Amino acid sequence: MDELEAREVANTLRRLGIRGVVSLEDADKPTGRWRVYDSTDATTRRDITNEALTVIAGRSRPQTGSARGFVVPQSR
């Protein structure tokens, strides 16, 4: 994931109350890949990216049923 996706994942994790720290895979490469870890300690952290993305996908599914809103016809 890139920096923009990492920011979105971090916001979603926080919003859903899911543990995880989004950080660069290699701190020496600022344009490198981003991952989700279980802690901020670079020496003991564990990569939980797949787990976090699976949980996000499961909780982010669209709700079914009625919704409130407006229908705005397109002008011709």
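All of the points below concern the structure found in this document. (Residues numbered from 1 in each chain as written. Predicted model: local features only at pLDDT ≥ 70, side-chain atom pairs only at ≥ 80, totals over all residues. Heavy atoms only, no water.)

## Considering the nonpolar core
Inference 1: The biggest cluster of nonpolar side chains holds 11 residues, and these are Ala6, Val9, Leu13, Ile18, Val22, Leu24, Trp34, Val36, Ile48, Ala52 and Ile56.
Inference 2: Those elements that provide at least two residues to this core are α1 (3-16), β1 (21-24), β2 (34-37) and α2 (49-59).
Inference 3: The dominant element in this core, judged by the number of residues it contributes, is α1, at 3 residues.
Inference 4: Discounting residues that sit within four places of it in the chain, valine 36 has contacts with Met1, Val9, Leu13, Gly20, Val21, Val22, Arg46, Asp47, Ile48, Thr49 and Ala52. (Core = buried A, V, L, I, M, F, W, Y, C linked by side-chain atoms within 4.5 Å. Buried < 20%, exposed > 50% of the residue type's maximum accessible area, 1.4 Å probe, protein only. Helix = DSSP H or I, 4+ residues; strand = E, 2+ residues; numbered from the N terminus. Contact = heavy atoms within 4.5 Å.)

## Overview of α2
One full turn of an α-helix is made of 3.6 residues, so residues set three or four places apart face in the same direction.
Inference 1: All buried positions along α2 are accounted for by Thr49, Ala52 and Ile56. All buried residues of α2 fall inside an arc of 70° around its axis, so they share one side. For α2, the exposed residues lying more than 90 degrees away from the buried face are Asn50 and Thr54.
Inference 2: Those residues of α2 that are buried lie in contact with α1 and β2. (Arc of directions from axis to C-beta.)

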